[in-house]
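Observations on chain architecture
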Amino acid sequence: MFGLVAVLALVAFVTSLRKAGATRFIAVLVIVIATALSAWSWQTWREVQLNPDRLQELVGDLLHNVYRSFDYRGEEAVYDVLARSVTGDLLADVYLETRKGLELANQGGAKVKVKTIEVLNTDLIEADDDAISVEARWNVAGSVGHWGHIHQRTNAYHANVTMRVVEGAWKLSGLEILQEERL
């Protein structure tokens, strides 16, 4: 709502400047646009930061993307899809740890097929100018097929998760697993 009002005010202001024949039209236009974009960006940031439901949804969406990236065939495809939701040095770590966690070496190399990811809760730890850190708990349920039968498996996770906007999209930039438990 705020963004729409800011854009409409910007259009009205620019139109009045143009009609008045302002000589510094371009400079004023740049300042007004920068101010409007800053206000919109700040409003969007605060909306995510202060809304617990949106924060939990954001964590859930990113975790969903991480686990679903391993549904793709081929290491390169998996890595490319994973890079849409994870950034920086964390990308390689998440790739290797998740790959290892989804393959069961003691079960003849059987792979876990993730069925559901349920975010139980998220609590804001810290928010600064470019990142949000939360304490999160989630469950991952899946199935493992090997030797002619299927096992259901659920793991519970408790972690500190850091997210930031990179190239216009929220991405995981930090992940500290505090506890992992097979239920």
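Use the structure listed above.
Quick look at the structure, then. Quantities reported herein were computed from a predicted structural model and do not represent experimental measurements.

How each quantity is defined
Residues numbered from 1 in each chain as written. Predicted model: local features only at pLDDT ≥ 70, side-chain atom pairs only at ≥ 80, totals over all residues. Heavy atoms only, no water. Helix = DSSP H or I, 4+ residues; strand = E, 2+ residues; numbered from the N terminus. Buried < 20%, exposed > 50% of the residue type's maximum accessible area, 1.4 Å probe, protein only. Contact = heavy atoms within 4.5 Å. Areas by Shrake-Rupley, 256 points an atom, 1.4 Å probe, with all protein chains shown as cover. Core = buried A, V, L, I, M, F, W, Y, C linked by side-chain atoms within 4.5 Å. Pairing = 2+ DSSP bridges. Phe/Tyr/Trp six-rings, centres within 6.5 Å; stacked < 30°, edge-to-face > 60°. Axes fitted to C-alpha atoms, helices over the stretch in contact; angles between N-to-C directions. Parallel < 35°, antiparallel > 145°, perpendicular 65-115°, else oblique. Left-handed = near helix turned anticlockwise from the far one by under 90°. Nonpolar A, V, L, I, M, F, W, Y, C, P; charged D, E, K, R; others polar. Polar contact = N/O pair within 3.5 Å; in protein donor to acceptor, adjacent residues only side chain to side chain.

For the protein, the helix and strand inventory stands at 5 helices and 5 strands. Ordering the α and β elements of the protein from the N terminus gives α-α-α-α-α-β-β-β-β-β. Out of the 183 residues in the protein, the part that is buried amounts to 37%. Here the analysis covers contacts within the protein between residues at least 6 apart in sequence; of these, 51% occur between residues at least 24 apart. About 11500 Å² of surface is accessible on the protein, with carbon and sulfur atoms providing 55% of the total.

Time to look at the nonpolar core. Membership of the largest hydrophobic core comes to 32 residues, with the highest contact counts inside it found for Trp138 and Met163. Of all elements in the fold, only helix 3 (52-69), helix 4 (75-82), helix 5 (90-102), strand 2 (110-127), strand 3 (132-146), strand 4 (149-166) and strand 5 (169-182) reach the threshold of two or more residues within this core. Tallying contributions element by element places helix 3 first for this core, with 7 residues. In contact with methionine 163, not counting residues within four places along its chain, are Leu55, Leu58, Val59, Leu62, Asp130, Ala131, Ile132, Val134, Trp170, Lys171, Leu172 and Ser173.

Pairing of strand 4 with strand 5, which is carried by 12 bridges, proceeds in the antiparallel orientation. Looking at strand 5, one finds that asparagine 160 is bridged to glutamate 176. Hairpin connection, strand 4 to strand 5: the antiparallel pair is bridged by 2 residues, and glutamate 167 has positive phi, about 50°.

Phi is positive for glutamate 167, close to 50°, though the residue is something other than glycine. Examined against the element boundaries, glutamate 167 turns out to sit in the loop between strand 4 and strand 5.

So, about the packing of aromatic side chains. Applying the stated rule across the entire model yields 3 aromatic pairs. Ring centres of phenylalanine 70 and tyrosine 95 lie 5.9 Å apart, and the angle between their planes is 25°; on these two criteria the pair is classed as stacked. Residue phenylalanine 70 is located in the loop between helix 3 and helix 4, and its partner tyrosine 95 is located in helix 5; the two are separated by 25 residues in the primary sequence. Each member of the pair, phenylalanine 70 together with tyrosine 95, is buried.

Once that is clear, we can look at the side chain of threonine 122. Within the fold, threonine 122 resides in strand 2. Non-local contacts of threonine 122, meaning those with residues more than four positions away in its chain, are made with Pro52, Leu55, Gln56, Val59, Val134, Glu135 and Ala136.

Packing of helix 4 against helix 5 brings their axes to within 10 Å, and their N-to-C directions diverge by 125°. Overall, the two elements helix 4 and helix 5 adopt an arrangement that is oblique. Note on packing geometry: the crossing formed by helix 4 with helix 5 is right-handed. Where helix 4 approaches helix 5, its residues Glu75, Val78, Tyr79 and Leu82 are matched on the opposing element by Leu91, Ala92, Val94, Tyr95 and Arg99. Residue composition of the contact of helix 4 with helix 5, by class: 7 nonpolar, no polar and 2 charged.

Attention shifts here to the side chain of threonine 98. By the element assignment, threonine 98 lies in helix 5. Side-chain polar atoms of threonine 98 contact the backbone oxygen of valine 94, separated by 2.8 Å. Filtering out sequence-adjacent residues up to four positions away, threonine 98 remains in contact with Val66, Tyr67 and Phe70.

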